Amino acid sequence: MQIIFLGTSAGIPTKRRNVSALGLRLENEKEWYLFDCGEATQHQILKTDLSIYNLSKIFITHLHGDHIYGLFGILASKNMQRAISPLEIYAPKGIKELLECVIKYSNLNLHFELKIFEITKKDVLKFEKFKIYTIPLSHSITSYGYVLVENDRPGRFDVQKAKNLGIPEGPLYAKLKNKEIVILEDGRVFDGNDFVGPPKKGKVVIIGGDNDNPLLFKDFNNADLMIHEATFTQKDFDNLEKSYKHTTSKQLAIAAKELGVKKLIITHISPRYDSDERVNELLEEAKKYYKGEVKVAYDFMKVVL
Ligand SMILES: [Zn+2]
Ligand SMILES: [Zn+2]
C-alpha cells in the first residue's frame, strides 16, 4: 500500500505544512481513501497523482476544523467533475447534520451518492480488502483512531513450475491456484498446494486522531506502522500556559515502544516547529525512547508498505 501525507500541521496551516489529511491506496487499486480532510486538502491532492474522481472513502477522526473544513470543497469539486461513483464518509456523530446543512444552503445538487456513516463506538468496519477498527480516543471533543488491517493475500502461483512439469495451461492452472487436486490425462496427479506460496500477511496501520493517550491502541501491538500526532515536545508542553489534549513526542515514543510497533511516524506538528532545527527537536526526543524507525512527517511524504 502507499500512504501520502497531504497535511501535517496542527490547528492552522503554515507555509510548509497544510492542516491534517492523509491519502492511502492499496496495491493495484485505482480507488483510494482519505483520512481527515483539513481546509485546502483538494489543493494538496492536485499536487499528487491522486484524484478526487477516484476517491471512494473518507475517514474523519474528529470534527475540529483543521480535520474537516476541506470536506465541503471536495464534495463540490467531485460533483463538478461529474463523478458518479458513490462516496462514503465515516466520522463521529454530527457529521451528517453538518454536511446536510452545507449541502442544503450552498444548493449542492450531488450527482453521486453520498453515504454518511456516523461512528459512535469501538467497532469494526468490514470492506472487501481490509477492515477498519474504530478506536475511541482522548481529546477535547469525540475523536477516533482508525486501524486499517489489510486482508491476507493469497500466495503466488508458481507458473514456471507448472510449465516445467508439462501441465497444459488453461483451466487446470486455475484449479491449481485454488489449491485443488488435478489429474492429468496421462494419469499424473498434482496438488495445488505444491504450486502456491505462503499467503502474504496483510499490513496493519494505526492512524491516530487527535489524542492525549496513544496507549489506547494497546490492542494493536506489533502494528507495521503507527501514524500518530505529537503536537509538542515534552519540554515545550510542560511550559505551555494552558494544557491541551494532545500527545508529546516523548509520550508517543514511550507508547510506541510499549506497543512494539515496527515503525513510527509523527504528525500533526504545532506551527511553532517552523524550521528544520525545531522539527529535529521532536525527532530527537522520540529517538531517546523508541529505537525503531521513526520519522516526522512532512507534506507530500510518501510511505510504501
Ligand atoms: Zn488537530
Ligand atoms: Zn483536535
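For the structure itself, look to the data block above.
In short, a report on the structure. From a predicted model like this one, the values you see are computed outputs, not experimental measurements.

The subject of this paragraph is the packing of helix α8 (residues 249–259) against helix α9 (residues 276–289). The relative placement of two packed helices comes down to the angle between their axes together with the axis-to-axis distance. Interaxial distance between α8 and α9 falls to 8 Å at its minimum, and their mutual angle equals 35 degrees. When the axes of α8 and α9 are compared, the crossing they make is right-handed. Contacts between α8 and α9 involve Ser249, Lys250, Ala253, Ile254 and Lys257 from the former and Leu282, Glu285, Ala286 and Tyr289 from the latter. Residues that form the contact of α8 with α9 fall into these classes: five nonpolar, one polar and three charged.

Attention now goes to the sheet that holds strand β16 (residues 302–304). Strand order across the open sheet formed by seven strands is β6-β5-β4-β3-β2-β1-β16, with mixed pairing between neighbours. Each of the sheet's edge strands pairs with one partner strand only, and the pair in question is β6 (114–119) and β16. Averaged over neighbouring strand pairs, the angle between their axes works out to 20 degrees when direction is ignored. Taken together, the four bridges between strand β2 (residues 21–25) and strand β3 (residues 32–37) define a ladder with antiparallel strand orientation. Note on β3: the bridge partner recorded for alanine 21 is cysteine 37. Sheet strands in contact with helix α3 (residues 71–80) are β3, β4 (55–59), β5 (87–92) and β6, and its direction is about 170 degrees off that of β5.

Take the coordination of the zinc ion (ligand 1) next. Tetrahedral coordination by four donors puts the ideal angle at the metal at 109.5 degrees, and octahedral coordination by six puts it at 90 or 180 degrees. Donor atoms from the polypeptide that bind the zinc ion (ligand 1) are Asp66 (OD), His67 (NE2), Asp210 (OD) and His268 (NE2), placed at 2.1 to 2.3 Å. If you look at the zinc ion (ligand 1), its four donor atoms make angles of 92 to 166 degrees with each other, and the shape they trace is irregular. Taken as a pair, the zinc ion (ligand 1) and the zinc ion (ligand 2) show a spacing of 3.5 Å, with aspartate 210 coordinating each metal. With aspartate 66 in helix α2 (residues 65–68) and aspartate 210 in the loop between β12 (204–207) and β13 (225–229), this pair connects stretches of sequence that are 144 residues apart. You'll find aspartate 66 and aspartate 210 in the same group, each marked buried.

Rules used in this analysis
- Residues numbered from 1 in each chain as written.
- Chains lettered and ligands numbered in written order.
- Predicted model: local features only at pLDDT ≥ 70, side-chain atom pairs only at ≥ 80, totals over all residues.
- Heavy atoms only, no water.
- Axes fitted to C-alpha atoms, helices over the stretch in contact; angles between N-to-C directions.
- Helix = DSSP H or I, 4+ residues; strand = E, 2+ residues; numbered from the N terminus.
- Left-handed = near helix turned anticlockwise from the far one by under 90°.
- Contact = heavy atoms within 4.5 Å.
- Nonpolar A, V, L, I, M, F, W, Y, C, P; charged D, E, K, R; others polar.
- Pairing = 2+ DSSP bridges.
- Donors = N, O, S within 2.8 Å, 3.2 Å for Na, K, Ca; no water.
- Tetrahedral: all angles 85-135°; square planar, octahedral: opposite > 155°, others 65-115°.
- Buried < 20%, exposed > 50% of the residue type's maximum accessible area, 1.4 Å probe, protein only.

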